[in-house]
Amino acid sequence: MAATVFYLDPLPDVGGIAVLDGDEGHHAATVRRIRVGERLTLSDGRGGIAETEVVAAQRDRLELAVHTRSEAQRPRPYVTLVQALPKSERSELAVELATEAGIDAIVPWQASRCVARWEGMKAGKGVAKWRATALSAARQSRRVFVPPVSELSNTAAVEKLIDDVVRRGGVAVLLHESAAAPFASLSLAVDDVVLVVGPEGGLDDRELDRFTAAGAVTALLGPTVLRTSTAAAVALGALGALTSRWDSAPPQ
C-alpha cells in the first residue's frame, strides 16, 4: 500500500529527530491517531523524502526518528497550469483535480470572460484557498511535490510566461474546442509545458491572438466540451499517457 505522506520543511538528516506539529501534527496525531512505533513518510513538498518511526506522541504533536533520506525525481516535462478563475463553487475543484493528476505549478489567471472576479483583498484570499487546496490534494494523492500556486496573474503576465517557456524550447498549449490539431499530435519531448485553460465563457479572441503570437499552439482535447474545472485534469491524463510522466509509482 502506498504510504501516507506528511509534510515538514526542512527535513532533518538521518539520525535526527523530526517534530511534526501544527496542522500536520494535528492530522497525524489527533485525526489519524498515529502512535509510537508506527512508520511515516515525510516530505518537504519539494521532492525530499524521509522514512521515519514515531518515538513520541502527544496531542497534535509527533516526534519521529529519521531512518533514511532520499530525493524523488521530478517527472518530465514540467507542467504549469494557467487556470482561468472558475465560478466560486468549482474554483477549488479545479486545483484539487489538477493536483491529484500531477500538475507541477499553478497560475491563477483573471481572464476577461471570468465570471469570478478576484479584486482587492479577494485576490489574496483566493490564492490562499488555492494553496491550501493544493496542499490537501497533494497529501490525499500522496505526492512528494506540492505544486506552488503563484499570485493572481493578468493576461500580460500569462503572455510573458508563454513567451519565456517557448523561448526555452518548451510548449504552450491553449485548450480550445475550435482547434484543428488533436492534443495527441503535439510534440511533447520537451522540458516545459504550459497548459492554458480558459473560463466558462471561453478565451476571448484578443487573448487567443496574444497568446498565439507569443508562441502558444491550440489543441483539441476530445469531442466534448469540458468544464474549466476539469479540463486540466483530463489534459494531464493525456500527458501522462503520451510521455513518461506516469511511469513511476507512489512512495511505498
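Residues numbered from 1 in each chain as written. Predicted model: local features only at pLDDT ≥ 70, side-chain atom pairs only at ≥ 80, totals over all residues. Heavy atoms only, no water.

Draft legend 1. Spotlight on the sheet that holds strand β9 (residues 192–197). Taken in spatial order, the 5 strands line up as β7-β6-β9-β8-β10 in an open sheet, and their pairing is parallel. What marks the edges here is a single partner per strand, and that holds for β7 (105–109) and β10 (217–219). Averaged over neighbouring strand pairs, the angle between their axes works out to 25° when direction is ignored. Bridging between strand β8 (residues 171–175) and β10 involves 3 bridges; their strand directions are parallel. By the bridge assignment, Leu175 is partnered in β10 with Ala219. Lying on the sheet, helix α4 (residues 155–167) is in contact with β6 (78–84), β7, β8 and β9; it crosses β9 at an angle near 150°. (Pairing = 2+ DSSP bridges. Helix = DSSP H or I, 4+ residues; strand = E, 2+ residues; numbered from the N terminus. Axes fitted to C-alpha atoms, helices over the stretch in contact; angles between N-to-C directions. Contact = heavy atoms within 4.5 Å.)

Draft legend 2. The UniProt feature "domain: Ribosomal RNA small subunit methyltransferase E PUA-like" (unreviewed entry) in the protein chain, seen in detail. Summarizing the sequence annotation, UniProt attributes the feature "domain: Ribosomal RNA small subunit methyltransferase E PUA-like" (unreviewed entry) to residues 20–64 in the numbering used throughout. Between the first and last C-alpha atoms of residues 20–64 the distance is 8 Å; the span itself is 22% helix and 47% strand. (UniProt positions renumbered as here; feature names shortened; annotations may be inferred.)

Draft legend 3. Inspection of the sheet that holds strand β3 (residues 39–43) at higher detail. If you trace the 5 strands from one edge of the open sheet to the other, you get β1-β3-β4-β5-β2, paired in mixed fashion. Both outer strands of the open sheet, β1 (5–7) and β2 (17–20), are each paired with one neighbouring strand and no more. With strand direction ignored, the average angle separating the axes of adjacent strands in the sheet is 45°. Bridge analysis of strand β4 (residues 48–58) against strand β5 (residues 61–71) gives 10 bridges, and the strand direction is antiparallel. Its bridge partner being in β5, Glu53 is matched across the sheet by Ala65.

Draft legend 4. A look at the packing of aromatic side chains. One pass over the full model with this rule turns up 2 aromatic pairs. Relative to Trp130, the ring of Trp118 has its centre 5.2 Å away and its plane inclined at 75°; by these criteria the two rings are edge-to-face. A residue pair is termed long-range when its members are at least 10 positions apart, and Trp118 in the loop between β7 and α3 (121–140) and Trp130 in helix α3 qualify at 12 residues. The two residues Trp118 and Trp130 agree in class, both being buried. (Phe/Tyr/Trp six-rings, centres within 6.5 Å; stacked < 30°, edge-to-face > 60°. Buried < 20%, exposed > 50% of the residue type's maximum accessible area, 1.4 Å probe, protein only.)

Draft legend 5. Molecular detail of helix α2 (residues 88–100). When α2 is considered as a whole, its buried residues turn out to be Ser91, Ala94, Val95, Ala98 and Thr99. The buried residues of α2 occupy one face: seen down the axis, they fall within an arc of 120°. Those residues of α2 that are buried lie in contact with β6, β7, α3 and α6 (231–242). (Arc of directions from axis to C-beta.)

Draft legend 6. Up close: the nonpolar core. Grouped together as the largest cluster of nonpolar side chains are 50 residues, with contacts concentrated most on Trp109, Phe183 and Leu195. With 15 residues, the next largest nonpolar core counts Leu20, Leu42, Val54 and Leu64 among its residues. (Core = buried A, V, L, I, M, F, W, Y, C linked by side-chain atoms within 4.5 Å.)

Draft legend 7. Summary view of the pattern of salt bridges. A complete count under the given rule lists 16 salt bridges for this structure. Close ionic contact of Arg74 with Asp104 constitutes a salt bridge, the shortest N to O distance being 3.6 Å. With a gap of 30 residues between them, Arg74 in the loop between β5 and β6 and Asp104 in the loop between α2 and β7 connect regions that are remote in the sequence. Across the pair Asp164 and Lys160 runs a salt bridge, and its minimum N-O distance is 2.9 Å. Of the two residues, Asp164 and Lys160 are both situated in helix α4; the distance of 4 residues between them amounts to about one turn of the helix. (Salt bridge = Lys/Arg side-chain N within 4 Å of Asp/Glu carboxyl O.)

Draft legend 8. Highlighting the environment of Leu186. Looking at the secondary structure, you find Leu186 in the loop between β8 and β9. Judged by its relative accessible area of 16%, Leu186 falls in the buried class. Note: C-alpha distance between Leu186 and Val173 (13 residues apart in sequence) is 8.9 Å. The contact partners of Leu186, leaving out residues within four places of it in the chain, are Val173, Val217 and Ala219.

Draft legend 9. Structural view of unusual backbone geometry. Going from Asp9 to Pro10, the amide bond is cis rather than trans, its omega being 5°. Locating Pro10 in the fold gives a position in the loop between β1 and β2. Put simply, Arg76 and Pro77 share a cis peptide bond, and its omega is 0°. Mapped onto the elements of the fold, Pro77 is located in the loop between β5 and β6. Although it is not a glycine, Asp60 adopts a positive phi angle of roughly 65°. Here Asp60 falls in the partly exposed class, since its relative accessible area comes to 25%. A positive phi angle is found at Arg142, which is not glycine, with a value near 60°.

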